[in-house]
Amino acid sequence: HEVVATDRDACVLENLRANSGYSSQGPGRVRTQQLRWQVEEDRMAAKALGPFDIIAGADVIYDRTTCDGVRVVLKHLLAKYAEAIFVERD
């Protein structure tokens, strides 16, 4: 399996790269990619890696504009019969 881990923040992506290197002992692969929901270039780059069977996110919806961006990304990235799972803090 291949996992694509995304974030909008470059520092977080560096940590993702470092941490994913430690867990690459078994089959599969972890790729990192910047994804800012409202940035068309980021959405198209992510779309080129998909479609995806599962999209999981945590703390990604901050306001109405984020909500709209998430909706657009999901529409383009999810495979048919796929699932999206999001977790938010109170």
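Use the structure listed above.
For every chain, the first residue of the written sequence is number 1, and numbering continues from 1 onward in sequence order. With the structure being a predicted model, the display of local features is reserved for residues of pLDDT at least 70 and the display and counting of side-chain atom pairs for 80 or more, all residues being used for whole-chain, interface and lining totals. No hydrogens and no water enter the side-chain calculation; it runs on all heavy atoms of the structure.

**Side note on helix α3 (residues 64–77)**
Here α3 spans 20 Å end to end across 14 residues, near enough to the 20 Å set by a 1.5 Å rise per residue. Only protein chains enter the calculation, and the probe is 1.4 Å; a residue is then buried if its accessible area is under 20% of its type maximum, exposed if over 50%, and partly exposed in between. Runs of H or I in DSSP of at least four residues are treated as helices and runs of E of at least two as strands, each being numbered from the N terminus. What α3 keeps buried is the set Thr66, Gly69, Val70, Val73, Leu74 and Leu77. The arc that holds the buried residues of α3, viewed along the axis, is 135°, so those residues lie on one side. Facing away from the buried surface of α3 by more than 90 degrees, the exposed residues are Arg64 and Lys75. Taken together, the buried residues of α3 touch α2 (40–47), β3 (52–58) and β4 (78–87). Multiplying 1.5 Å by the residue count of a helix minus one yields the expected span of that helix. Directions drawn from the helix axis to the C-beta atoms are what define this arc. It only takes one pair of heavy atoms within 4.5 Å for two residues to be counted as in contact.

**Structural notes on the pairing of β3**
Taken together, the 6 bridges between β3 and β4 define a ladder with parallel strand orientation. In the strand pairing of β4, alanine 58 is matched with valine 87. Here, the term right-handed applies to a crossover whose path from the first strand over the helix to the second runs clockwise when the strands point away from the viewer. In this region the chain leaves β3, passes through α3 and returns to the parallel neighbour β4; the handedness of that crossover is right-handed. DSSP calls a pair of strands paired once it identifies at least 2 bridges connecting them.

**What about the environment of alanine 10?**
Considering the arrangement of structural elements, one finds alanine 10 in helix α1 (residues 10–22). Taking the relative accessible area as the measure of exposure, alanine 10 reaches 52% and is therefore exposed. Sequence-wise, alanine 10 and glutamine 33 are 23 residues apart; in three dimensions their C-alpha atoms are separated by 9.3 Å.

**Brief notes about the layout of surface pockets**
Put simply, the grid is 1 Å and covers the protein atoms alone, a cavity is a trapped set of points that fit a 1.4 Å probe, a pocket is an open set with protein on both sides within 12 Å along at least five of seven lines, and lining residues have an atom within 4 Å of a point. Grid points are joined across faces, edges and corners, and a volume is the space filled by probe spheres set on the points. By volume, the largest pocket is sized at about 750 Å³. In terms of lining, the largest pocket is formed by 28 residues, of which the most central are Val4, Ala5, Thr6, Ile55 and Ala56. Looking at the lining of the largest pocket, the elements that each hand over two or more residues are β1 (2–7), β3 and α3. Residue contributions to the lining of the largest pocket peak at 7 residues, all from β3. Its residues assigned to classes, the lining of the largest pocket comprises 19 nonpolar, 3 polar and 6 charged. Classification convention: Asp, Glu, Lys, Arg as charged; Ala, Val, Leu, Ile, Met, Phe, Trp, Tyr, Cys, Pro as nonpolar; all other residues, Gly among them, as polar.

**Focus: the environment of serine 20**
For serine 20, the location among the structural elements is in helix α1. Relative accessible area serves as the criterion here: at 13%, serine 20 is assigned to the buried category. For the pair serine 20 and valine 30, spaced 10 residues apart in sequence, the C-alpha to C-alpha distance is 6.1 Å.

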